[in-house]
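Fold and geometry: a report
Next come the chains, spelled out residue by residue.
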Amino acid sequence: MKLSEFIKNYWDVYALVLGITFIVLSFILLLYFLIYKATLKEPKEHYDYINKSEKKNLWRISLLATLSITFFLNYFFVREDIGDNVLKFLAVAFSFLIVGLILAVIFRYYFNVYYPLQMEKRLEYIRHKIPRFLTDENGRRIGPLRLLNEEEEDLYLDEGMQREELLNSIDYDVWIDDTTGLKKIERYDGKLHALKCSECGYQTLRIDKSEMIHEATEFLEGEMVKYYHCDYCEHKEKRHFIIHKISIK
């Protein structure tokens, strides 16, 4: 079949089907995540979802919607009036491809620049403003709890937790019911990176130094040793890492 015949007889059908497919997929994905968010009951669950997954999921939905728009534009404007003019078809189709790429860039710019600012405000509100409640052993709801400040919360954190906060690898919020003394401790990632110590279990294991045993070459893998030290329990360990061969093309 000639390309001109395919364009005249089938392209609009394929463009319509693909446009509908991608828009349906975007709605399904959006509906799935809306339902998933509705199942999250605790504020901390909402915080973790927004912090770790929401941006990535919205970006996927935006890409599907962009693909749908691109194919719908092709369906409405690249029709049988193109006739046998293949060059005209390619020029028009390419122009709509550029439109789709521009939309993708706009979405990407939004999610990389503006969305994080909005997300931080939402996370701050969820973490510190939404009331917390507890349920006692009789099923009775207790609260709202009071969020302790940095000085007060140290009374309810063990030494390992306090060291994690000191290293800024983990940050804890302590909510307490002043009447019953019951507390709720929430754990958040800190700004600095530390690993979980295999000895004490706290996220206080940090790298002291690295040593290159031998560098990777085109023919042999390399090897590096990293030495770690736990700032809480003083546990020390070393880990070996294999460096892949250098690929020369």
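The following refers to the structure shown. (Residues numbered from 1 in each chain as written. Predicted model: local features only at pLDDT ≥ 70, side-chain atom pairs only at ≥ 80, totals over all residues. Heavy atoms only, no water.)

Between glycine 143 and proline 144 the backbone carries a cis peptide bond, its omega angle lying at 5 degrees. By the secondary structure assignment, proline 144 is in the loop between β2 (141-142) and β3 (146-147). Positive phi outside glycine occurs at asparagine 168, with the angle close to 65 degrees. Looking at the secondary structure, you find asparagine 168 in the loop between α5 (159-167) and β4 (170-176). Even without a glycine there, the phi angle at glutamate 234 is positive, about 70 degrees. The residue glutamate 234 is located in the loop between β7 (222-230) and β8 (236-243) in this model. Assessed through its relative accessible area of 48%, glutamate 234 is described here as partly exposed. (Helix = DSSP H or I, 4+ residues; strand = E, 2+ residues; numbered from the N terminus. Buried < 20%, exposed > 50% of the residue type's maximum accessible area, 1.4 Å probe, protein only.)

So, on to the sheet that holds β3. Pairing within the open sheet is antiparallel, and its three strands lie in the order β3-β4-β5. Whereas interior strands pair on both sides, the edge strands pair on one side only; in this sheet they are β3 and β5 (183-189). Two strands pair when backbone bridges link them, and β4 and β5 are joined in this way by seven bridges, in the antiparallel orientation. Bridge pairing in β5 places aspartate 173 opposite glutamate 186. Docked against the sheet, α5 engages β4 and β5, running at close to 125 degrees with respect to β4. (Pairing = 2+ DSSP bridges. Contact = heavy atoms within 4.5 Å. Axes fitted to C-alpha atoms, helices over the stretch in contact; angles between N-to-C directions.)

Glancing now at the pattern of salt bridges. With the rule as written, the count across this model stands at 11 salt bridges. Between glutamate 54 and lysine 37 there is a salt bridge, with the nearest N and O atoms lying 3.1 Å from each other. In this pair, glutamate 54 sits in helix α2 (residues 43-77) while lysine 37 sits in helix α1 (residues 3-39), placing the two residues 17 residues apart along the sequence. Taking relative accessible area as the criterion, lysine 37 reaches 23% and is therefore assigned partly exposed. The residue glutamate 186 makes a salt bridge to arginine 132 at a minimum N-O spacing of 3.0 Å. Taken together, the residues glutamate 186 in strand β5 and arginine 132 in the loop between α3 (86-128) and β1 (134-135) connect sequence positions 54 residues apart. With a relative accessible area of 4%, glutamate 186 lands in the buried category. (Salt bridge = Lys/Arg side-chain N within 4 Å of Asp/Glu carboxyl O.)

A separate point is the pairing of β7. The pairing of strand β6 (residues 205-214) with β7 spans eight bridges and is antiparallel. Across the sheet, residue leucine 205 finds its bridge partner in β7, namely cysteine 230. As defined by bridge partners, β7 adjoins β8 across eight bridges and the pair is classed as antiparallel. Note that in β8 the partner of glycine 222 across the bridge is isoleucine 243. If you look at the hairpin formed by β7 and β8, you'll find five residues sitting between the two strands, and glutamate 234 has a positive phi there, around 70 degrees.

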